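Here is what each chain is made of, one letter per residue.
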Amino acid sequence: MGLIKQKTFQFEMQTVLSTQDVVSYNIYYVKEGTVDYNSPKVTIPAVSGQTLYSLVLPDSVPVTDGQYQIGVASEDAAGNISDIAKLDYFFDFVSPTAPSILRVL
């Protein structure tokens, strides 16, 4: 099995002033479809004062090539969730074929 480069997802948010504003971000994903609140997700905590977030996609995300839709929504302490900002992206999770003939001359 070849080495697959980790995929990093990055998004920018307005500054969170307190944990009452936003406590976490839900990153939804779906292959060849449209994300919604029932899609598989990864949740990361909001950090007060931080505007740029990076997330290495975890092993729970399927590793098959294809067009994925990624969505991000913020969640507050009361459990209210914002609209989902969406992005379509083709992920390449397959390594190239190794050379088939190797010899020493």
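Residues numbered from 1 in each chain as written. Predicted model: local features only at pLDDT ≥ 70, side-chain atom pairs only at ≥ 80, totals over all residues. Heavy atoms only, no water.

Enquirer: Talk me through the overall build of the protein; I want residue IDs and the actual numbers.
Expert: Counting secondary structure elements, the protein contains 0 helices and 6 strands. When the helices and strands of the protein are placed in sequence order, the string is β-β-β-β-β-β. When each of the 105 residues of the protein is scored for burial, the buried share is 31%. Looking at the protein alone, contacts between residues at least 24 apart form 62% of all its contacts between residues at least 6 apart. (Helix = DSSP H or I, 4+ residues; strand = E, 2+ residues; numbered from the N terminus. Buried < 20%, exposed > 50% of the residue type's maximum accessible area, 1.4 Å probe, protein only. Contact = heavy atoms within 4.5 Å.)

Enquirer: Break down the nonpolar core for me, with residues and values.
Expert: Side chains of a nonpolar character, in soluble globular proteins, are inclined to be buried together. Ranked by size, the top nonpolar core spans 17 residues in total, and within it Phe9, Phe11, Tyr25, Ile27, Ile44 and Ile70 carry the most contacts. For this core, the secondary structure elements donating two or more residues are β1 (8-12), β2 (24-31), β3 (41-45), β4 (52-56) and β5 (66-75). Apart from the residues within four sequence positions on either side, Phe9 is in contact with Ile27, Tyr53, Ser54, Leu55, Leu57, Ile70, Val72 and Leu87. (Core = buried A, V, L, I, M, F, W, Y, C linked by side-chain atoms within 4.5 Å.)

Enquirer: For the pairing of β4, give the residues involved together with the corresponding values.
Expert: Across the two faces of β4 the burial differs, with Tyr53 and Leu55 buried and Leu52, Ser54 and Val56 not buried at all. Two strands pair when backbone bridges link them, and β1 and β4 are joined in this way by 5 bridges, in the antiparallel orientation. Considered in β4, the bridge of Glu12 is made with Leu52. (Pairing = 2+ DSSP bridges.)

Enquirer: Just give me the short version of the environment of Ser54, but keep the residues and values in it.
Expert: Among the secondary structure elements, Ser54 is positioned in strand β4. Residues Ser54 and Thr8 lie 46 residues apart in sequence; the distance between their C-alpha atoms is 6.5 Å. Among residues more than four places away in sequence, those in contact with Ser54 are Thr8, Phe9 and Gln10.

Enquirer: I'd like a description of the sheet that holds β3, backed by residues and values.
Expert: Within a beta sheet, neighbouring strands are joined by backbone hydrogen bonds and run either parallel or antiparallel to one another. Strand order across the open sheet formed by 4 strands is β3-β2-β5-β6, with antiparallel pairing between neighbours. Across the chains shown, the open sheet's two edge strands, defined by having one partner strand only, are β3 and β6 (85-91). The mean inter-strand angle of the sheet, taken between neighbouring strand axes irrespective of direction, is 25°. Examined bridge by bridge, β5 and β6 share 7 bridges and lie antiparallel to one another. Note that in β6 the partner of Gly66 across the bridge is Phe91. (Axes fitted to C-alpha atoms, helices over the stretch in contact; angles between N-to-C directions.)

Enquirer: Mind laying out the side chain of Glu75, listing which residues take part and the relevant values?
Expert: Its place among the elements puts Glu75 in strand β5. Residues within four places of Glu75 in sequence aside, it is in contact with Val22, Val23, Ser24, Asn26, Asn80 and Ile81.

Enquirer: Pulling in residues and values, what's your account of the packing of aromatic side chains?
Expert: The geometry of an aromatic ring pair is captured by two quantities: the separation of the ring centres and the angle between the planes. Following the criterion strictly, the structure yields 6 aromatic pairs and no others. Here the aromatic rings of Phe11 and Tyr25 are separated by 5.3 Å at their centres, their planes lie at 70°, and the arrangement is edge-to-face. Within this pair, whereas Phe11 is found in strand β1, its partner Tyr25 is found in strand β2, the two being separated by 14 residues in sequence. Accessibility assignment for this pair places Phe11 and Tyr25 in one class, buried. (Phe/Tyr/Trp six-rings, centres within 6.5 Å; stacked < 30°, edge-to-face > 60°.)

These results come straight from atomic positions and should not be treated as a statement about function.
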